[in-house]
Amino acid sequence: MTYKLLALDLDGTLLRRDGTLHERDRWAIARLQSAGVRVTIATGRLYSGSRAAAEAARIEGPIACVDGSHIVDAREHSELFHAGLVGEHALALRRVLERHATASFMFAHDSIVHDEAGEPFSGYVRTWSPNISVVDRVTSHPYWEHERGILAVVGIGSEAHVRAAAEELESELADAAFVIRFAVHRTGDMHAMVVRANGPTKGTAVAWLAEHYGCTPADVVAVGDWLNDVPMFKVAGRSFAMVRAPEAVKQAATDLLDADGAEEAGVAQAIERAWGTL
């Protein structure tokens, strides 16, 4: 089968630990594009945190950000799809955050807003976007009541505080919000949660991107390394997991790579195995 679209995660997949592309990956992507295969990005980052990677890989056209909640044309920088928490749902999220001792980071308008409580974690959150501003109190920011709402919130704190906040959100916003919790390894015994609108995933993004390019999800090859990549692995015709991916991610992929995307050229290896010698 000749696949027509390559969808790439960024951190730990296309981008190495230092935020750069491996030259072998860059070369393989260029060869694939010259053969007429489209290449796109599916990432948890905001668009402002993805744009430089798209430019470095010479990826044009739509890319999926915030796990499919925001699709933006990387050439025109125009928005093609937006799904945020708005109105009463956004205000309910704000009330829950106010009741729990978590450092909160609001993702809206292609930027991140936090207050003094978030300062110790700003380096970690900066991987999502370089557009970060500090305000007196994040829960008082006017974005909560903006008609476009917010794309996502990241809350960081102790495991107990994050768990309590996440469980309350899952109860109050069960149909409106998607909540995921995980350990923040870089900052010791801290945990985090990501909250965004329910529905969009990297899987729905792959389906949207395939339709945009006139093909089906079965025509897509997806490459990733983390739990948010599982939805696109489930819909793509072929999927590759990096060698250091969690076991659940490896089990969802059709293929396993030998490369560590944090240092090695895993994307090039996936291209070679899916398309052969170009």
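In the block above lies the structure referred to throughout.
Quantities reported herein were computed from a predicted structural model and do not represent experimental measurements.

(A) Layout of the sheet that holds strand E3 (residues 62-65). Spatially, the three strands line up as an open sheet ordered E3-E4-E5, and their pairing is antiparallel. Each edge of the sheet is formed by a strand with only one pairing partner; in this case those strands are E3 and strand E5 (78-82). Averaged over all neighbouring strand pairs, the angle between strand axes comes to 25°, with direction disregarded. Pairing of strand E4 (residues 70-73) with E5 involves four bridges; the strand directions are antiparallel. Bridged to Ile71 within E5 is Phe81. Along the sheet, helix H6 (residues 202-212) makes contact with E3, E4 and E5, crossing E3 at roughly 175°.

(B) The arrangement of the nonpolar core in detail. Of all hydrophobic cores here, the largest spans 52 residues; its most connected members are Leu6, Phe105, Phe107, Val223 and Trp275. If you tally residues by element for this core, the top one is helix H9 (residues 266-275), at six residues. Setting aside chain neighbours within four positions, we find Leu6 in contact with Leu32, Val37, Arg38, Val39, Thr40, Val221, Val223, Ile271 and Trp275. Formed by 24 residues, the second largest nonpolar core is a distinct cluster that contains Ala92, Met106, Leu173 and Val195.

(C) Summary view of the environment of Ser69. Structurally, Ser69 can be placed in the loop between E3 and E4. By relative accessible area, which is 0% here, Ser69 ends up buried. Residues Ser69 and Thr204, 135 residues apart in the sequence, show an inter-C-alpha distance of 9.2 Å. Apart from the residues lying within four places of it in its own chain, the contact partners of Ser69 are Phe81, His82, Ala83, Leu151, Arg196 and Pro200.

(D) A look at the layout of surface pockets. Roughly 200 Å³ of internal volume is contained in the second largest pocket. Taken together, 14 residues line the second largest pocket, and the ones lying closest to its centre are Arg38, Ile59, Glu60, Gly61 and Tyr213. Considered class by class, the residues forming the lining of the second largest pocket number five nonpolar, four polar and five charged.

(E) Inspection of H9 at higher detail. Burial within H9 is extensive, with eight of its 10 residues counted as buried. Three or more residues of H9 are buried, namely Gly266, Val267, Ala268, Gln269, Ala270, Ile271, Ala274 and Trp275. Buried residues belonging to H9 abut strand E1 (5-8), helix H1 (23-34), strand E12 (220-224) and strand E13 (238-241). Downstream of H9 by a residue or two, Gly276 has a phi angle that is positive, lying close to 75°.

Rules and cut-offs
- Residues numbered from 1 in each chain as written.
- Predicted model: local features only at pLDDT ≥ 70, side-chain atom pairs only at ≥ 80, totals over all residues.
- Heavy atoms only, no water.
- Pairing = 2+ DSSP bridges.
- Helix = DSSP H or I, 4+ residues; strand = E, 2+ residues; numbered from the N terminus.
- Axes fitted to C-alpha atoms, helices over the stretch in contact; angles between N-to-C directions.
- Contact = heavy atoms within 4.5 Å.
- Core = buried A, V, L, I, M, F, W, Y, C linked by side-chain atoms within 4.5 Å.
- Buried < 20%, exposed > 50% of the residue type's maximum accessible area, 1.4 Å probe, protein only.
- 1 Å grid on protein atoms, 1.4 Å probe; cavity = no way out; pocket = protein on both sides within 12 Å on 5 of 7 lines; lining within 4 Å.
- Points joined across faces, edges and corners; volume = space filled by probe spheres on them.
- Nonpolar A, V, L, I, M, F, W, Y, C, P; charged D, E, K, R; others polar.

Everything listed here is a matter of geometry and, on its own, says nothing about what the molecule does.
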